[in-house]
Amino acid sequence: MIDIPLVRAYTDDAVFAYRDRRPIGVDRFLRDVVQLAALLPERRYILNLCADRYHFVVGFFAALLQRQISLLPPNLTPDLVGQLRRCYSDVYCLTDAASAHQSLETVFYPAWSSPDPAVPPVPHIPAKQIAAIVFTSGSTGQPVPNEKSWGGLVRGAASELDRLGMQAYPGMAVLGTVPPQHMYGLESTVLMVMQGGLALHAGRPFYPAEILAELAALPRPRCLVTTPIHLRALLAETTCLPQLDFLLCATAPLSPQLAAAAETRFDAPLYEIYGCTEAGQVATRRTVDTVEWIALPGVQLRQDKYGTWVNGGHVETEVLLHDVIELRGPGRFLLHGRTADLVNIAGKRTSLETLNYHLNSITGVRDGVFVMPDQGDGAVTRLTAFVVAPGLTSEAVMNALRQRVDAAFLPRPLRLVESLPRNDTGKLPRQALCLLLPERAAKTG
């Protein structure tokens, strides 16, 4: 059986993380992992709720040393936590919050007070060992669990490092606006860092001013791992943005205009990652250069009557992608939106992704989304749109939409709201959106 080291490419005195603007060495990290592993209860599953990214990483790998599997759900609603308890009865919670989780046995991340022990050797983990069960976001329905082996996660990190050329940025500090509990956050703010000798930022600043201040405090080279919704908020800031060396974006389509603006303002190249929870990262592109996606090393795509399948490389089992994909050659493709997002009205076809693009391109619109209500009674399809646009009327937004989309796809109704119920990665779960629909609001009101 092949064993793979926990970390690679670090010198003995290398920085592993920046926490409260102070460096934490890789030796300290290894000590913390071994010490925490000795304190964990004997269980099969762990729900790692640590908000501090460094605490999360220590907990994730301490559990891995104890052959425990980390459950990484998309949210912590009482309903979903109840499902986890029923499906994984041997689960407990690790947290760095002040209070215990109400429905789970809770272990608090410790405050170390004893003298530091000797630095342990770098642990090696069996490649076949299941490291995590990651759940889909629920944007198209109920979250679905997906097992991830340690070997598969490491191979994915190696592919990402190679494709993005991270060898050119030794020791680069990586700040993420996405949580490590999400597949994108786990791959690009944890695993890529640990396997590439980089340094993670322990915090997760929320407001644009906080993000920019934390970026400016990091040493060069430095990288921002983010999402389109966070990127748009950052670019809305009128202050001078800190210079970066790399930008990474995922979880939703990014327009070339937004990518170009980000590269100019941050003075750094921006790359997008396309992937899904089931397969992990699949492909990348430099958005300002091309609309084509290039599959990661070893990853292959094929098509049949069911759609597009991905396998090979770090993808451990063949996965059916839930997107409309146009193959352009070996490992090259165009992305045309989610299969579930296709809209056919009066014989005319488009996608919700296309409609959302036009909606969010309207001057004054800060956020917006089209929703296809469930139609189980044979009624004519009527799209709904929810829009965050302070200072605009619904009529003004509709008039702007008429200049951009066919009349068949105009929303009926279009509702102005103060905010959209986005989750930590900027996605909009289907259940949360449905609660905004007029008929659902009436039933639950």
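These lines cover the structure that appears in this document, whether it is placed above or below. (Residues numbered from 1 in each chain as written. Predicted model: local features only at pLDDT ≥ 70, side-chain atom pairs only at ≥ 80, totals over all residues. Heavy atoms only, no water.)

Some points on the pattern of salt bridges
Under the definition given, this model contains 15 salt bridges. R19 is paired through a salt bridge with D20; the nearest N and O atoms lie 3.8 Å apart. Where D32 meets R28, a salt bridge forms, and the shortest distance between an N and an O atom there is 2.8 Å. With D32 and R28 both in helix α1 (residues 26-39) and four residues apart, the pair spans about one turn of that helix. On the accessibility criterion, D32 (1% relative accessible area) is buried. (Salt bridge = Lys/Arg side-chain N within 4 Å of Asp/Glu carboxyl O. Helix = DSSP H or I, 4+ residues; strand = E, 2+ residues; numbered from the N terminus. Buried < 20%, exposed > 50% of the residue type's maximum accessible area, 1.4 Å probe, protein only.)

Things to note about the packing of aromatic side chains
Aromatic rings in a pair are described by how distant their centres are and how their planes are angled relative to each other. Evaluation of the coordinates by the stated rule reveals 14 aromatic pairs. For the ring pair F56 and F60, a centre distance of 5.8 Å and an interplane angle of 35 degrees mean the geometry is tilted. Of this pair, F56 and F60 are both found in helix α2 (residues 53-65), four residues apart, which corresponds to roughly one turn of the helix. Assigned by exposure class, F56 and F60 land together as buried. By relative accessible area, F60 is classed as buried at 1%. Through successive ring pairs, a cluster of aromatic residues spans Y10, F16, F29 and Y54. Cation over ring: R44 sits above Y45, and NZ or CZ is 6.0 Å from the ring centre. (Phe/Tyr/Trp six-rings, centres within 6.5 Å; stacked < 30°, edge-to-face > 60°. Lys NZ or Arg CZ within 6 Å of the ring centre and 35° of its normal.)

Some thoughts on the sheet that holds strand β15 (residues 270-276)
In spatial order, the strands read β3-β2-β12-β11-β13-β14-β15-β16-β17-β22-β21; together these eleven strands make up an open sheet with mixed pairing. Whereas interior strands pair on both sides, the edge strands pair on one side only; in this sheet they are β3 (22-25) and β21 (323-329). Going across the sheet, the axis of each strand differs from the next one's by a mean of 30 degrees, ignoring polarity. Pairing between strand β2 (residues 15-19) and β3: four bridges, direction antiparallel. In the sheet register, Y18 faces β3, and the bridge partner there is P23. Where helix α6 (residues 208-217) meets the sheet, it contacts β11 (173-176), β12 (199-201) and β13 (222-226), and its direction lies at approximately 155 degrees from that of β13. (Pairing = 2+ DSSP bridges. Axes fitted to C-alpha atoms, helices over the stretch in contact; angles between N-to-C directions. Contact = heavy atoms within 4.5 Å.)

Just geometry here; none of it tells us what the structure is for.
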